[in-house]
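Analysis of the macromolecular model
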Amino acid sequence: MYKNIMLKISGESLAGSNEQGFDFEVLNELSNSIHKLTQKNLKISIVLGGGNFIRGSSFSNGVVDRVTSDYMGMLGTVINSLALQSNLKKLGVESRVMTAISINRVAEPYIKNKASNHLEKNRVVIFASGTGNPFFSTDTAAVLRASEMKSDVILKGTKVDGIYDKDPISNSDAKKISSISYTDYLNKDIKVMDATAISLAKDRSLPIIIFSILKSSNILDIVDGNGSYSIINENN
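Presented here is a report on the structure given in the accompanying data block.

What counts and what doesn't
- Numbering of residues starts from 1 in each chain and follows the order in which that chain's sequence is written.
- Whole-chain, interface and lining totals are the exception, using all residues; otherwise, since this is a predicted model, local features are given only for residues with pLDDT of at least 70 and side-chain atom pairs are given and counted only at 80 or more.
- Computation of side-chain values covers all heavy atoms of the structure but excludes hydrogens and water.
- Here the axes come from fitting lines to C-alpha atoms, over the contacting stretch only for helices, and the angles between their N-to-C directions go from 0 to 180 degrees.
- To qualify as a helix, a DSSP run of H or I must reach at least 4 residues; to qualify as a strand, a run of E must reach at least 2; elements of each kind are numbered from the N terminus.
- Any angle that is under 35 degrees is reported as roughly parallel, and any over 145 degrees as roughly antiparallel; angles of 65 to 115 degrees are reported as roughly perpendicular and all others as oblique.
- Two helices cross in a left-handed way if the nearer one is turned anticlockwise from the farther one by less than a right angle. They cross in a right-handed way if the turn is clockwise.
- Whether two residues are in contact is decided by their heavy atoms, any of which lying within 4.5 Å being enough.
- Side-chain classes are defined by residue name, with Ala, Val, Leu, Ile, Met, Phe, Trp, Tyr, Cys and Pro counting as nonpolar, Asp, Glu, Lys and Arg as charged, and the others, Gly among them, as polar.
- Nonpolar cores were defined as sets of buried Ala, Val, Leu, Ile, Met, Phe, Trp, Tyr and Cys residues, with membership established by side-chain atoms within 4.5 Å.
- Whether a residue is buried, partly exposed or exposed follows from its accessible area with a 1.4 Å probe, protein chains only, as a fraction of its type maximum: under 20%, in between, or over 50%, in that order.
- Here, a salt bridge means any side-chain nitrogen of Lys or Arg that lies within 4 Å of a carboxyl oxygen of Asp or Glu.
- The span you would expect from a helix comes to 1.5 Å times its residue count less one.
- What qualifies as a polar contact is a pair of N or O atoms within 3.5 Å, subject to a donor-acceptor requirement within protein and to the restriction that residues adjacent in sequence count only when both atoms come from side chains.
- DSSP-based pairing: two strands are paired if at least 2 bridges between them are found.

Here's the deal with the packing of helix α2 (residues 24-38) against helix α4 (residues 66-90)
Here α2 crosses α4 at 60°, and the two axes come no closer than 9 Å. It follows that α2 is oblique to α4 by the angle criterion. Between α2 and α4 the crossing geometry is right-handed. Contacts between α2 and α4 involve Leu 27, Asn 28, Leu 30, Ser 31 and Ile 34 on the former and, on the latter, Ala 83, Leu 84, Asn 87 and Leu 88. Considered class by class, the residues forming the contact of α2 with α4 number six nonpolar, three polar and no charged.

Quick word on the nonpolar core
Membership of the largest hydrophobic core comes to 34 residues, with the highest contact counts inside it found for Ile 5, Leu 7, Leu 37, Ile 46, Leu 84 and Leu 155. At the level of elements, β1 (4-9), α2, β2 (43-48), α4, β5 (124-128), β6 (153-158), β10 (208-212) and α9 (218-223) are the ones that each hand at least two residues to this core. Residues within four places of Ile 5 in sequence aside, it is in contact with Leu 37, Leu 42, Lys 43, Ile 44, Ser 45, Ser 151, Val 153, Leu 155 and Val 223. Counting residues in hydrophobic clusters, the runner-up holds 27 residues, among them Met 6, Val 125, Ile 177 and Ile 198.

Looking at the pattern of salt bridges
Overall, the coordinates contain 13 salt bridges when judged by the stated rule. Its salt-bridge partner being Arg 96, residue Glu 94 comes within 3.2 Å of it at the nearest N-O pair. For Arg 96, a relative accessible area of 22% gives the class partly exposed. Measuring nitrogen to oxygen at the nearest pair gives 3.5 Å for the salt bridge that ties Arg 96 to Glu 108. Taken as a pair, Arg 96 in strand β3 (residues 95-99) and Glu 108 in strand β4 (residues 108-109) lie far apart in primary sequence, twelve residues in all.

As for the side chain of Ser 95
Within the fold, Ser 95 resides in strand β3. Excluding anything up to four places from it in sequence, Ser 95 contacts Gln 85, Leu 88, Val 124 and Ile 126.

Observations concerning α4
An ideal rise of 1.5 Å per residue puts 36 Å on 25 residues; α4 measures up with 37 Å between its terminal C-alpha atoms. Between the side-chain oxygen at the start of α4 and the backbone nitrogen of Val 67 there is a gap of 3.1 Å, and the oxygen is on Asp 65.

Focus on unusual backbone geometry
A positive phi is found at Asn 41, a non-glycine position, where the angle reads about 60°. By the secondary structure assignment, Asn 41 is in the loop between α2 and β2.

Some words on helix α6 (residues 138-148)
With nine of its eleven residues buried, α6 lies for the most part within the structure. Listed in full, the buried residues belonging to α6 are Thr 138, Asp 139, Thr 140, Ala 141, Ala 142, Val 143, Arg 145, Ala 146 and Ser 147. On its buried side, α6 packs onto β1, β2, α4, β5, β6 and α8 (195-204). A positive backbone phi angle near 60° is found at Lys 150, which sits one or two residues after α6.

Observations concerning the side chain of Ser 181
Note that Ser 181 resides in strand β9 (residues 179-181). Among the polar contacts listed, one links the side chain of Ser 181 to the backbone nitrogen of Asp 184, at a separation of 3.1 Å.

So, the pairing of β3
Here β3 lies mainly inside the structure; four of its five residues are buried. With five bridges joining them, β3 and β5 adopt parallel strand pairing. Following the sheet pairing, Met 98 is matched in β5 by Phe 127. Note that β3 and β4 share two bridges and pair parallel. Considered in β4, the bridge of Thr 99 is made with Pro 109.

Any functional reading would require information that these geometric values do not contain.
Right, here's the structure in full:
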């Protein structure tokens, strides 16, 4: 169904049931799903959040300023990206980590044409450190990189399998919203992705699919046109 996809995986979901760090079962399942996706001859880009280590916006508390805390969050995304790359390597999946901030000893600097070349050579490209700028989320980075890589769709993995009218974890009567337009999403002030990311996706007419990373095999179903998810696009 899709040929060029962007996976956006929240850092919190990588922690699984833990408050911080990695749930290695989640990381292994994600890696195995990506391995299977590569066998479908897809171009695969990935952006990982860093919330399993630190969220810049919430860590800024008067002791550490917001700009510094955002850069600390970017480093968290690099840690996650390197962990995923290492796990993919064990499965024989060739990948590259490219960072928007300079960390040349552990990853390549992000250069658009070079990233495109990696995709053309069927390498998985993992974009780390967000946009490289404070005040912008990794969700916005995912939409930006997806636009640059000409991705067909963004698949955003969270702890729940879509968008709900209220938190489904704490509200058993929460109702799932299977499909919603960019405009309605923004008007309803839904918090699954930030408004900047949604506005950019709207400008690019780039559909966003929200799914549960805790059942990462669902990625394979979604790519085949099935699975459990919610979609944000302009056709609603």
